[in-house]
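Close look at the chain arrangement
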Amino acid sequence: MSRRRSVSPVAPRRVSSSSEEADWRGAADDITEDDEAEEGLASASLSNASAAEDSSPTGARRLEVAPECHGQRLDAWLSACIPAYSRSHLKGLIEAGAVQVGGQAVTSASRKVAQGQVVDIVLQATAQSQAFVPEPMDLPIVFEDEHLLVVDKPAGLVVHPAAGNWSGTLMNGLLAHHVGAASLPRAGIVHRLDKDTSGLMVVGKTLEAVTALSRAIAARDVKRQYLALAHGQVPESESVTSSIGRDPVTRVRMAVVPSGKPARTDVQRLLCAQVQEAPASGRSEDARPARWVSGVLCTLHTGRTHQIRVHLSSRRHPLIADALYGGAPMLGMARQALHAARLGFVHPITGEALRFEAALPADMATAWTELEKQAENTDAGA
């Protein structure tokens, strides 16, 4: 048995016809997946965001332990002497052998310093201070004018530098793409997609555009819809309104919690079929029972961190291959099956209504096509 509505992945394109305009009615949403717009993404400039680290001294320094500092931990004492650097960064320098006490290398941050000791340290810039640099890359630009651009972000591309990803991000690419990005908040980025989520994002190129787009996001005047593949038989149509906050047990996850922020996701099932996959061993006795998979269209009305992933998993329909929220790999997917397929907003300068659609990337398009085949086979046998 299958339940199916047709969906045809399309090439990235701009949509402007009146017939397609109706598809967007009621689809307004706050597109910032990580609540950045609500927390003032555009309130601070890129240069201010890293000013303290950028102005930090580098090179060799010689310090002497004052009497009142006798007995302090080495990392704590260095942090007080060199406030431009975080204690964790200084601890890393100690462990890397960049600190000498009395002419001898010291690699233990917990070592106690003594009055009169001479401490030499070779200061090195933090990874964060070196993150906001231009890195030329082929940006998948769908639309661009002098005020903004729309990109079709591939899965695997990190949007903004952060711990573990200080280079090779979309921000680095934007800084290389146009000189004005360096003077903008987050290089013009007004919302994010998760690393392994693909699809459409809008980026401002001027402060006026960034400010207007951020306000539009906060007012939920930006329209966005996602295509996703989820485990189980998702209802034909439902609106999930559970509040979302940090998971109290696993802090890297979000969860449905009473104390969380209000959130709403409208979910429409487009396709549903049982999928029987061949066992990895190739032996028929190892075959698992067929499992239901649904292809869905999700419309955001708020923009909480991991919102679609959390809402669907809370209904026992985690996304395919979304390990963080309980999704198992299927249909060849090795990353969460989520794609920002539609984006609509009013141009902040010209006032023109802009609508864009982006094709499913290769991995998800293959999975979606396979699910359609399974549905057709089931229909034929019914």
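Here is what the cut-offs are and how they apply
Residues numbered from 1 in each chain as written. Predicted model: local features only at pLDDT ≥ 70, side-chain atom pairs only at ≥ 80, totals over all residues. Heavy atoms only, no water. Helix = DSSP H or I, 4+ residues; strand = E, 2+ residues; numbered from the N terminus. Contact = heavy atoms within 4.5 Å. Buried < 20%, exposed > 50% of the residue type's maximum accessible area, 1.4 Å probe, protein only. Pairing = 2+ DSSP bridges. Phe/Tyr/Trp six-rings, centres within 6.5 Å; stacked < 30°, edge-to-face > 60°. Expected span 1.5 Å × (residues − 1). Arc of directions from axis to C-beta. Salt bridge = Lys/Arg side-chain N within 4 Å of Asp/Glu carboxyl O.

1. Focus on the overall build of the protein
Of the regular secondary structure elements, the protein holds nine helices and 18 strands. Expressed as a percentage of contacts within the protein between residues at least 6 apart in sequence, the contacts between residues at least 24 apart total 72%.

2. Considerations on helix α6 (residues 170-177)
Most of α6 sits out of view: six of its eight residues are buried. For α6, the complete set of buried residues consists of Leu170, Met171, Asn172, Gly173, Leu174 and Leu175.

3. Some words on the sheet that holds strand β5 (residues 99-101)
With antiparallel pairing, four strands are arranged side by side in an open sheet as β4-β7-β5-β6. Two strands lie at the open edges of the sheet, namely β4 (59-64) and β6 (104-105), each paired on one side alone. Bridging between β5 and β6 involves two bridges; their strand directions are antiparallel. Across the sheet, residue glutamine 100 finds its bridge partner in β6, namely alanine 105.

4. Details of the environment of glutamate 135
With respect to the helices and strands, the residue glutamate 135 is situated in the loop between β7 (118-123) and β8 (141-144). With 38 residues separating them along the chain, glutamate 135 and glycine 173 place their C-alpha atoms 5.2 Å apart. Once residues lying within four places of it in the same chain are set aside, the contact partners of glutamate 135 are Ser167, Gly168, Asn172, Gly173 and Ala176.

5. Points about unusual backbone geometry
Positive phi is not limited to glycine here, since alanine 321 has a value of about 65°. Counting through the fold element by element, alanine 321 comes out in the loop between α8 (307-314) and β17 (338-346). Here leucine 331, not a glycine, exhibits a phi torsion of approximately 55°, which is positive. Topologically, leucine 331 is positioned in the loop between α8 and β17. Taking relative accessible area as the criterion, leucine 331 reaches 11% and is therefore assigned buried.

6. Brief notes about the packing of aromatic side chains
Within this structure, the stated rule accounts for two aromatic pairs. Between the aromatic rings of phenylalanine 143 and phenylalanine 356, the centroid separation amounts to 5.5 Å while the plane-to-plane angle is 50°, which identifies the pairing as tilted. Taken together, the residues span a long stretch of sequence, with phenylalanine 143 in strand β8 and phenylalanine 356 in strand β18 (residues 353-357) at a distance of 213 residues.

7. Quick look at helix α7 (residues 207-218)
Between its first and last C-alpha atoms α7 spans 16 Å; for twelve residues at 1.5 Å apiece the expected length is 16 Å, and the two agree. For α7, the full list of buried residues reads Ala209, Val210, Leu213, Ser214 and Ile217. Seen along its axis, α7 keeps its buried residues to an arc of 130°; they face one direction. Away from the buried face of α7 by more than 90 degrees, exposed residues Leu207, Glu208 and Arg215 are located. In the core, the buried residues of α7 are packed alongside β10 (198-204), β11 (222-231) and β17. Backbone geometry just after α7 places arginine 220 at a positive phi near 60°.

8. Section: the pattern of salt bridges
Where side chains of opposite charge bring their charged atoms close, a pairing between them can arise. Under the defined criterion, the tally for this structure stands at twelve salt bridges. One salt bridge in this structure joins aspartate 75 and arginine 87, with 3.3 Å as the shortest N-O distance. Of this pair, aspartate 75 sits in helix α4 (residues 74-81) while arginine 87 sits in helix α5 (residues 87-95), placing them twelve residues apart in sequence. The closest approach of N and O atoms between aspartate 363 and arginine 335, which form a salt bridge, is 3.0 Å.

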